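Close look at the chain arrangement
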Amino acid sequence: NALTYVDVAESGSYNIRFYAMYVYTRITWTAASDISRDFRADWDEFIDDFSLDCPDGLCNSVKNVALRWCWLVTQVAFVQSAIQGILIAMPLAFVILIISTQNWIISIFAVFDIIGIMLCELSIMYLLGWKFGVSECVAIVI
């Protein structure tokens, strides 16, 4: 599937101004992010090789764009946000527990209990072979 825009020059020759190719791949939305990253790297390499053989002026700005690649960036942001949320929530929970219980020993045990629950949840995810994706980030933050 392709889309082109061609001008006819005064000399009668054709000037290709725009060319777009649509390629359907085997990668799915549910593929793990590491598999998708490898797939994207392969496509970027293919485009670099393809651009070498293009006529002058046609492939100066060949790009690999896909909604799936945008989702990869979003997945990385979700993981970073989950880690950041944990790093913010634990000290905040500790301060609130100290204020509410007025006992630092109980507050420390409560924070360690929360950390233990998160570690158990992460361990189960790892043992089941899950990749740390969007749903796992939400589960950890909750």
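Scoring rules and cut-offs
- Starting from 1, residues in each chain are numbered consecutively following that chain's sequence as written.
- Only residues with pLDDT of at least 70 get local features here, since the model is predicted, and only at 80 or more are side-chain atom pairs given and counted; chain-wide, interface and lining totals rely on the full set of residues.
- Working from all heavy atoms in the structure, the side-chain values ignore hydrogens and water.
- The pairing test for Phe, Tyr and Trp rings, Trp by its six-membered ring, is centres within 6.5 Å, and the orientation test on the planes gives stacked under 30 degrees, edge-to-face over 60, and tilted for anything in between.
- Helix and strand definitions here come from DSSP, where helices need a minimum of 4 consecutive H or I residues and strands a minimum of 2 consecutive E residues; each element is numbered from the N-terminal end.
- Note on classification: 1.4 Å probe, protein chains only; a residue is buried when its accessible area is under 20% of the maximum for its type, exposed when over 50%, partly exposed between these limits.
- Should any heavy atoms of two residues lie within 4.5 Å, those residues are considered in contact.
- Exposure above 30% relative accessible area and the lack of any salt bridge qualify a residue for a patch; like charges then connect within 9 Å, and the nonpolar side chains Val, Leu, Ile, Met, Phe, Trp and Tyr within 5 Å.
- Areas reported as accessible are Shrake-Rupley estimates using a 1.4 Å probe. Residue values count occlusion only from the protein chains shown.
- The term salt bridge refers to a side-chain nitrogen of Lys or Arg lying within 4 Å of a carboxyl oxygen of Asp or Glu.

**Structural notes on the packing of aromatic side chains**
Under the defined criterion, the tally for this structure stands at two aromatic pairs. Summarising the aromatic geometry, the rings of W43 and F46 are spaced 5.4 Å apart at their centres and angled 90° between planes, so their arrangement reads as edge-to-face. Pair noted here: W43 and F46 are both in helix α1 (residues 33-52), with a separation of three residues, about one helical turn. Since its relative accessible area comes to 21%, W43 is described here as partly exposed.

**As for the side chain of S107**
Topologically, S107 is positioned in helix α3 (residues 104-127). Residues within four places of S107 in sequence aside, it is in contact with F94, L97, I98 and T101.

**Topic: a nonpolar patch on the surface**
On the surface, Y19, M21, V23, F46 and F50 cluster together into a nonpolar patch covering about 480 Å² of accessible area. Contributions of two or more residues to the nonpolar patch are made by β2 (14-21) and α1. Within the fold, F50 resides in helix α1.

**What about the pattern of salt bridges?**
Under the criterion given, the structure shown has one salt bridge. R40 is the partner of D44 in a salt bridge, and the nearest nitrogen-oxygen pair spans 3.5 Å. Of this pair, D44 and R40 both sit in helix α1, four residues apart, which is roughly one turn of the helix. Look at D44 and you get partly exposed, because its relative accessible area is 28%.

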